[in-house]
Amino acid sequence: MDEARSDVVIRALIVEDSEDDTLLLVEHLQRASLRLEWQRLETEADLLKALEQRWDIVFSDYSMPYFSGARALEVVKRHDPDIPFIFVSGTIGEETAVTGMRAGAQDYVMKNNLARLVPAVYRELSEARGKRERRVAEQAVRKLSLVVEQAADSVFITDPQGQIQYVNPAFEQLTGFTAEEAIGASPSLIKSGHHDEAFFRNLWDTILAGGVFHETLVNRRKDGALFYEEQTIAPLFDHAMQITSFVSTGRDITDRIRSEEKRTQLLEILEATTDFVAIMNGEGRLLYLNRAGRAMLGIPHDEDVSTRNIADYHPERVVQQILLEAFPTARRERVWHGEGVINGADGSEIAVSQVVLAHSGQNGAAGFFSTIARDIGERKRFEYELKHQATHDALTGLPNRLLLEEHLSTELARAQRGRLQTAVIFLDIDNFKRINESLGHAAGDMLLRHVAQRLRSCVRPNDIVARYGGDEFAILVSDLPNSNAILTVLHKLREAFGTAIFITGQDVYATFSMGVSVYPHDGNDPETLLKNADTAMYRAKANGRNQYQFYAPEMNARGEELLALETDLRRALDRREFVLHYQPQLHLRTGKIAGVEALLRWQHPERGLVSPDDFIPLLEETGLIVPVGEWVLRDACAQYRKFHTTEHEPLRISINVSARQFRENTLLDRIQQAILDEGVPPHHLELEITESTAMHDVQATSEILAALDALGVRLAIDDFGTGYSSLAYLKRFPLDVLKIDRTFIPDSPDDDTASAIAEASISLGHKLGLEVIAEGVETMAQMSFLRTHGCDIIQGYCFSHPQPADRMVEFITNHRPPGLPEA
């Protein structure tokens, strides 16, 4: 036997009070080629201690002084019922031996006759091993049975012919059949009829050949309901490799299949819809895009969209709307509705009605968003047409009375915030009825269309021209710095209609009776301003037509004054009535005069010195600013020689260049010729352009300034802070000087706003590498503030008023910086 092989050590525990008898027992076993490790003991306490170790067999005497064999048997069997126990005694009788055998002893041998001992040892060791193996197997079976009973998956076992022998509780719960109903039946009990004969033939061929069959089956419950089962069927074999049974395990995947079916159906719907449908993560990266969406964006059907972001198919403004408004709202309220724009494959913008939904991720995963967008371009065009028809005149295409009133309300609110003036001009075509009757209604309509076109050409893009009704028009002029500015517009209107309109083969001249009301002088609301402009217009018509009237009488007088002024202005250059005054610029660090600015003045023979605010705008509007500007350039360059002959260092001369001059193609040639003829070093001539002039056309400005910079003249931005310049563009321009407008020079240290703007402007100028000049400095406190904050140069009444050339030469000659003696 395996346990008795000579190379196997048997651990034997010997309960014996006689050491001699123990040695005789050991010697007998060893003579039979048994290798022993043994221990003798004779008390219960020692036995309990020894049983903490592993033993293969126990030998025990029956009668001992301190311990009985019966008690030893009881202790051993309680500890391990499988350990073989053999009595070896000299006093045990047959009746006692039988009692011991019933109590669990495997055998008994008399001490005086040990012949049966070795065979008994062989036998009991072999039986003990078999018991242990069976017990382990039984325990494994019990565990396996428990697992099967408690398994969530369905399990049933059949015999080789397919008759069900066992079903677990999960099978009962899944199919609705009890164990009593299923056992003895065949698996066709749950057959649904959804699988054909070939399917089951393949199943049987696989498992009868010893293979494992794995497939998804559609089965039927007891109540007739179908369910999907992921089923595995495997054969079990005996030791001869004969099939003894088949075990089938099945997992109910009905919910998963239904979900997949719904998902497939939903995907088919999403792919079939003409709406744009997308799924994206919280950062706007695409996870899915349907067929319509791909077509709209021009993305091939096989391209991976996960590399794309919403920024790839939305304009920037819409991207910000989605990230900052739509996503947060959807997270909070689960859904966001709105309108947006998608960039189409051809680069066009497609208007869409859009819904964004927020979805929670599964098992704690991050959430995601889905969006559905519908092309509403056609609807938008239809809405636009309807709105346009409701707010525009069908004949001329101009805004109608309704839209004019809306624009006027908006402009009045803006004018109130910006403290600007807004004007309403009512125009009525003189003698339109006579034209209509003599030439026909078609000619009258044509005249109205031509009038509309000319009126539009007379105003700025942000001004509004409307047809008020019949032969009446209205113009809304906004952003007026003062009431005088409206006279320029009226002048343009009269000039525009000085030429005839060719209609039906003949020239027709259109004149107007015009009435003007100005906010805030003539009203604070649209209704009042419109009514007062209408009143002024009828006053003009009553006064003889082809004229304008202001609602405010004093404005009529002012208009007549400026009209006469314009007539005189056209002759002023020829009559040498223009003069230049010069205002010196003081360097705050050295105390020296850094330069002078040439300022245009008009010495009228009757009115005296005319305010630049009155005649400079008229020069701009009439175009006289170009020849007058060239005269200023040449006269200032000629004057340079006078300043240069003084004992002071050569000074630079600053000249203002108007917006109209700046756009003249001949500007560069005229400047180059002037400095050449008058001998002015280019770096001593400084040209000033306003911030708004520079920003009118940035590309053109860059080219003109680059050409002037190449010529060597200095370039300055005048009235900084009053326009809308971009710092990025200013940095690109080749500028030398930044002049801070007088409105940003603080009147007192307590003027925090102006102080902050002035400080920031000085700092900005220096960071851009520019010299900073503050103009309009009138007090010593202002000069001290500017010196403290690092301003380079000041200009203003605090240092000197503008003066004629001769007096300026004297002023420069007499000026001494601090520390130098008087002349």
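Read on for a plain summary of the structure. This one's a predicted model, so the numbers in the text were calculated from it and none came from an experiment.

### Considerations on the sheet that holds strand β12 (residues 286-289)
And then number 1: Strands sit in the order β12-β11-β15-β14-β13 across an open sheet of five strands; the sheet is antiparallel. This sheet does not close on itself; its edge strands, each paired only once, are β12 and β13 (335-343). Averaged over all adjacent pairs, the angle separating strand axes in this sheet is 25°, with direction ignored.
And then number 2: Sheet analysis places β13 next to strand β14 (residues 349-359), joined by nine bridges and oriented antiparallel. Residue pairing across strands places Trp336 opposite Val356, the latter belonging to β14.
And then number 3: Sheet strands touched by helix α11 (residues 316-333): β11 (276-280), β13, β14 and β15 (368-375). Its angle to β13, the strand with the most contacts, is close to 160°.

### Section: unusual backbone geometry
And then number 1: In this model, Tyr519 is joined to Pro520 through a cis peptide bond whose omega is 5°.
And then number 2: Structurally, the position occupied by Pro520 is in the loop between β21 (512-519) and α17 (526-542).
And then number 3: Not every positive phi belongs to a glycine, and Met241 is a case in point at roughly 60°.
And then number 4: You can see Met241 is positioned in the loop between β9 (226-237) and β10 (243-252).
And then number 5: The class of Met241 is exposed, set by a relative accessible area of 56%.
And then number 6: With phi around 65°, Arg545 is a residue other than glycine that occupies positive phi space.
And then number 7: Summarising the element assignment, Arg545 is placed in the loop between α17 and β22 (547-550).
And then number 8: Residue Arg545 is classed as partly exposed on the basis of its relative accessible area, which comes to 34%.

### Observations regarding the pattern of salt bridges
And then number 1: What the rule picks out here adds up to 48 salt bridges.
And then number 2: Between Lys111 and Asp61 there is a salt bridge, with the nearest N and O atoms lying 3.2 Å from each other. Within this pair, whereas Lys111 is found in the loop between β5 (107-110) and α5 (117-150), its partner Asp61 is found in the loop between β3 (57-60) and α3 (69-79), the two being separated by 50 residues in sequence.
And then number 3: Look at the salt bridges and you will find they share partners, linking Glu16, Asp21, Asp61 and Lys111 into a network.

### Comments concerning the packing of helix α22 (residues 667-678) against helix α24 (residues 698-711)
And then number 1: Taken N-terminus to C-terminus, the directions of α22 and α24 make an angle of 15°; their axes are 11 Å apart at the nearest point. Considered as vectors, α22 and α24 are oriented roughly parallel to each other. Note that α22 runs across α24; the crossing there is right-handed. For the pair α22 and α24, contact is made by Leu667, Leu668, Ile671, Gln672 and Ile675 and by Ile704, Ala707, Leu708 and Leu711, respectively.
And then number 2: When the residues that make up the contact of α22 with α24 are grouped by side-chain class, the tally is eight nonpolar, one polar and no charged.

### Let's talk about the side chain of Ser248
And then number 1: In this structure, Ser248 sits in strand β10.
And then number 2: Looking at Ser248, its side chain comes within polar contact range of the side chain of Gln231, at 2.9 Å.
And then number 3: Beyond its immediate stretch of four places on either side in the chain, Ser248 contacts Ser154, Val155, Phe156, Gln231, Thr232 and Ile233.

Here is what the cut-offs are and how they apply
- Residues numbered from 1 in each chain as written.
- Predicted model: local features only at pLDDT ≥ 70, side-chain atom pairs only at ≥ 80, totals over all residues.
- Heavy atoms only, no water.
- Pairing = 2+ DSSP bridges.
- Helix = DSSP H or I, 4+ residues; strand = E, 2+ residues; numbered from the N terminus.
- Axes fitted to C-alpha atoms, helices over the stretch in contact; angles between N-to-C directions.
- Contact = heavy atoms within 4.5 Å.
- Buried < 20%, exposed > 50% of the residue type's maximum accessible area, 1.4 Å probe, protein only.
- Salt bridge = Lys/Arg side-chain N within 4 Å of Asp/Glu carboxyl O.
- Parallel < 35°, antiparallel > 145°, perpendicular 65-115°, else oblique.
- Left-handed = near helix turned anticlockwise from the far one by under 90°.
- Nonpolar A, V, L, I, M, F, W, Y, C, P; charged D, E, K, R; others polar.
- Polar contact = N/O pair within 3.5 Å; in protein donor to acceptor, adjacent residues only side chain to side chain.

All we've got here are geometric facts, nothing functional implied.
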